[in-house]
Amino acid sequence: MSTVAVRTSPRRKGVGLGLVAWLVGIVFFLPIAWMALTSFHSEADAATNPPSFGAALTLDGYREFFGTGGGASPWPSLINSTVASVASTALVLLLALPAAYALSIRPVKKWTDVLFFFLSTKMLPIVAGLLPIYLFAKNTDMLDNIWLLVILYTSMNLPIAVWMMQSFLAEVPVAVIEAAQIDGARLPTILARVVAPIALPGIAATALICFIFSWNELLFARVLTGVVAETAPVFLTGFITSQGLFLAKVCAASLVISLPVLAAGFAAQDKLVQGLSLGAVK
């Protein structure tokens, strides 16, 4: 009887952990489901307390968001967010790959101090650097310029990208790189044709995280942009007013603005899991 208990205990433990994982997943999914359901309600039904789950469904919130009722169109803001996020993520990967190579495969002296310096730059509160950056942008005529956000997002995401990719590139076999060097390959060729394909899951995970951080950034976009370079999160805050009902419209706008991030995460989920686990096992 003791043998049976020993054999069934790990199975019961696995079932229990599975149930806990499902419960945690449902808890995290419920707010998103509630937001999606509220977006299909009228403003009067969305504002009821407790919420009316059986209320009639309507697309009025989405019509308001896309400006069919005479409001502002969200497409310029969505395009600005796409340009800022994609361009900054591409620049981050272009700069982080050789930096991570120098810190992992060909480590420089005191490379741990370099990594700590990169990470320490994330400890500065964003608000502390807001005024100097605003004055710089004002004096250089870069206010309300989408390329200013590209530069800022690149500098903000570069430290965490280097930190992540350093652990990913540490798993690349040195023998493969040495074989490429014997064949006459130079550093750009090694990075593009040897290191990058092997560390592709880690690079994809880093790119996705940088894209999410750039897409969701609000403070700099709110202060440094106006009409021309307004991003989607800034456009979303314009629906919140002190007069009238706006809950259904905000839920509809939030769901639409979240779709690019959700789509990118779903498309790269296999690479994301591989990448986040690549540097965890030595």
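Quantities reported herein were computed from a predicted structural model and do not represent experimental measurements.

### Structural notes on the overall build of the protein chain
(1) Moving on: A tally of helices and strands in the protein chain yields 14 helices and 0 strands.
(2) Moving on: Shown N-terminal to C-terminal, the secondary structure of the protein chain runs as helices and strands in the order α-α-α-α-α-α-α-α-α-α-α-α-α-α.
(3) Moving on: Burial statistics for the protein chain: of 282 residues in total, 34% are counted as buried.
(4) Moving on: When contacts within the protein chain are restricted to residue pairs at least 6 apart in sequence, those whose partners lie at least 24 apart make up 76%.
(5) Moving on: Per element, the accessible surface of the protein chain, about 16600 Å² overall, is 71% carbon and sulfur.

### Describing helix α7 (residues 146–169)
(1) Moving on: Between the first and last C-alpha of α7 there are 32 Å, a value that for 24 residues agrees with the 34 Å anticipated at 1.5 Å per step.
(2) Moving on: For α7, the principal kink sits at L158 and spans about 35°; a proline, P159, occurs within the next four residues.
(3) Moving on: The buried fraction of α7 is high, at 17 of 24 residues.
(4) Moving on: Where α7 begins, one side-chain oxygen reaches toward the backbone nitrogen of W147, 2.9 Å away; that side chain belongs to N145.

### Observations regarding the side chain of K249
(1) Moving on: Along the chain, K249 turns up in helix α13 (residues 247–267).
(2) Moving on: Among buried Asp, Glu, Lys and Arg side chains, K249 stands out as unpaired, with E64 the closest opposite charge at 4.2 Å.
(3) Moving on: Setting aside anything within four residues of it in sequence, one finds K249 in contact with E43, G61, E64 and F239.

### Observations regarding the packing of aromatic side chains
Each aromatic ring pair is characterised by the separation of its centres together with the angle its planes make.
(1) Moving on: A complete count under the given rule lists 7 aromatic pairs for this structure.
(2) Moving on: With 5.1 Å between their ring centres and 40° between their planes, F40 and Y62 make a pair best called tilted. Of the two residues, F40 is situated in the loop between α1 (2–39) and α2 (43–46) and Y62 in helix α3 (residues 60–65); the sequence distance between them amounts to 22 residues.
(3) Moving on: Between F65 and F239 the ring centres are 6.0 Å apart and the planes differ by 50°, which places this aromatic pair in the tilted class. Of the two residues, F65 sits in helix α3 while F239 sits in the loop between α12 (232–237) and α13, which places them 174 residues apart along the sequence.
(4) Moving on: Residue classification places F65 among the buried positions, given a relative accessible area of 0%.

### Some words on unusual backbone geometry
(1) Moving on: We note that D141 has phi near 55°; this positive angle belongs to a residue other than glycine.
(2) Moving on: Here D141 lies in the loop between α6 (130–139) and α7.
(3) Moving on: A relative accessible area of 69% means that D141 is categorised as exposed.
(4) Moving on: Positive phi, close to 60°, is recorded for D144, a residue that is not glycine.
(5) Moving on: You can see D144 is positioned in the loop between α6 and α7.

### Some remarks on the nonpolar core
(1) Moving on: L97, Y101, I105, M165, L169, I177 and V195 are the most contacted members of the largest nonpolar core, which has 25 residues in total.
(2) Moving on: Those elements that provide at least two residues to this core are α4 (75–104), α7, α8 (174–182), α9 (187–198) and α10 (200–216).
(3) Moving on: Apart from the residues lying within four places of it in its own chain, the contact partners of M165 are L93, A96, L97, A100, I203 and T206.
(4) Moving on: With 16 residues, the next largest nonpolar core counts Y62, F211, A253 and I257 among its residues.

### Quick notes on the side chain of T206
(1) Moving on: One can find T206 in helix α10.
(2) Moving on: The exposure class of T206 is buried, given its relative accessible area of 0%.
(3) Moving on: If sequence neighbours within four positions are ignored, T206 has contacts with L93, A161, M164, M165 and F168.

### Things to note about the confidence of the model for the protein chain
(1) Moving on: In this model, the protein chain carries an average pLDDT of 84, and 89% of its residues clear a pLDDT of 70 or more.
(2) Moving on: Note on residues 1–6: pLDDT is under 50 here. Beyond four places in sequence and across chains, it has 0 contacts.

### Points about the environment of A196
(1) Moving on: Following the sequence through the fold, A196 ends up in helix α9.
(2) Moving on: Between the C-alpha atom of A196 and that of L97, which follows or precedes it by 99 residues, the distance is 8.2 Å.
(3) Moving on: If we ignore the near neighbours within four places in the chain, the residues touching A196 are L191 and I203.

Rules behind the numbers
- Residues numbered from 1 in each chain as written.
- Predicted model: local features only at pLDDT ≥ 70, side-chain atom pairs only at ≥ 80, totals over all residues.
- Heavy atoms only, no water.
- Helix = DSSP H or I, 4+ residues; strand = E, 2+ residues; numbered from the N terminus.
- Buried < 20%, exposed > 50% of the residue type's maximum accessible area, 1.4 Å probe, protein only.
- Contact = heavy atoms within 4.5 Å.
- Areas by Shrake-Rupley, 256 points an atom, 1.4 Å probe, with all protein chains shown as cover.
- Expected span 1.5 Å × (residues − 1).
- Bend = angle between axes of the 7 residues up to and from the residue.
- Polar contact = N/O pair within 3.5 Å; in protein donor to acceptor, adjacent residues only side chain to side chain.
- Lys, Arg positive; Asp, Glu negative; His and termini not counted.
- Salt bridge = Lys/Arg side-chain N within 4 Å of Asp/Glu carboxyl O.
- Phe/Tyr/Trp six-rings, centres within 6.5 Å; stacked < 30°, edge-to-face > 60°.
- Core = buried A, V, L, I, M, F, W, Y, C linked by side-chain atoms within 4.5 Å.
- pLDDT = per-residue confidence, 0-100.

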